[in-house]
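Spelled out from the first residue to the last, the chains are:
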Amino acid sequence: MSFVVAPGAFRVLAPNRDQAGAIVGFSLTRMHLGGIVLGTVFLLVRLARARSFVSLVSPAALCVVLMIALTAISQYTVSAKMAVLRVQMGSIQASAADSPLLAEFSRLHQISVSLESGVLLAGFAAMYLMVRELAAGR
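Calculation criteria
- Residues numbered from 1 in each chain as written.
- Predicted model: local features only at pLDDT ≥ 70, side-chain atom pairs only at ≥ 80, totals over all residues.
- Heavy atoms only, no water.
- Patch = residues over 30% accessible without salt bridge, like charges linked within 9 Å, V, L, I, M, F, W, Y side chains within 5 Å.
- Areas by Shrake-Rupley, 256 points an atom, 1.4 Å probe, with all protein chains shown as cover.
- Salt bridge = Lys/Arg side-chain N within 4 Å of Asp/Glu carboxyl O.
- Helix = DSSP H or I, 4+ residues; strand = E, 2+ residues; numbered from the N terminus.
- Axes fitted to C-alpha atoms, helices over the stretch in contact; angles between N-to-C directions.
- Parallel < 35°, antiparallel > 145°, perpendicular 65-115°, else oblique.
- Left-handed = near helix turned anticlockwise from the far one by under 90°.
- Contact = heavy atoms within 4.5 Å.
- Nonpolar A, V, L, I, M, F, W, Y, C, P; charged D, E, K, R; others polar.
- Polar contact = N/O pair within 3.5 Å; in protein donor to acceptor, adjacent residues only side chain to side chain.

A. Just a nonpolar patch on the surface, in detail. Residues Val 37, Leu 38, Val 41 and Val 45 make up a contiguous nonpolar surface patch of roughly 370 Å² in combined accessible area. Take Val 41: it is sitting in helix 2 (residues 17-50).

B. Here's a closer look at the packing of helix 1 (residues 5-12) against helix 2. Between helix 1 and helix 2, whose axes approach to 8 Å, the crossing angle comes to 155°. Considering their axes alone, helix 1 and helix 2 lie roughly antiparallel with respect to each other. Our pair here, helix 1 against helix 2, has a crossing hand that is right-handed. Residues Val 5, Ala 6, Ala 9 and Phe 10 of helix 1 lie in contact with helix 2, whose contacting residues are Arg 17, Ala 20, Gly 21, Ile 23, Val 24 and Ser 27. Among the residues making up the contact of helix 1 with helix 2, the classes are represented as seven nonpolar, two polar and one charged.

C. The arrangement of the environment of Leu 28 in detail. With respect to the helices, strands and loops of the structure, Leu 28 is situated in helix 2. The spatial distance from the C-alpha of Leu 28 to the C-alpha of Val 5 is 9.3 Å, given a sequence separation of 23 residues.

D. Layout of the side chain of Ser 91. Mapped onto the elements of the fold, Ser 91 is located in the loop between helix 3 (59-89) and helix 4 (100-137). One polar contact links the side chain of Ser 91 to the main-chain amide nitrogen of Ala 94, over a distance of 3.0 Å. Apart from the residues within four sequence positions on either side, Ser 91 is in contact with Asp 18 and Arg 86.

Rendered as structure tokens:
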């Protein structure tokens, strides 16, 4: 998202940053919901395969749990607050630079980026840890 969709949307729709933001928000919502569903499916499959709840406390599984939690926080807390601010401002693009609403939106955007970075890092860690699990199992 951060590397492809967001920069592309803001580049293509440069004259209208509000539309670009709407596209990014729409895409992010779909990505969040997909991540939560797929993370849950991963944990259920892992549980079914191992037939033990102990498999859910392995480092790799805990990374996936962290990914789901960070994604849910981003979607249902941070993104929800940002959506309310967007409505209150009417237009982010037309908001005054010293607007307290815009300042709060920017603060939440930074939190959102941090959460997304955390999800990405936890995903890399989960992949590494799963490869180690597989290698140790052979």
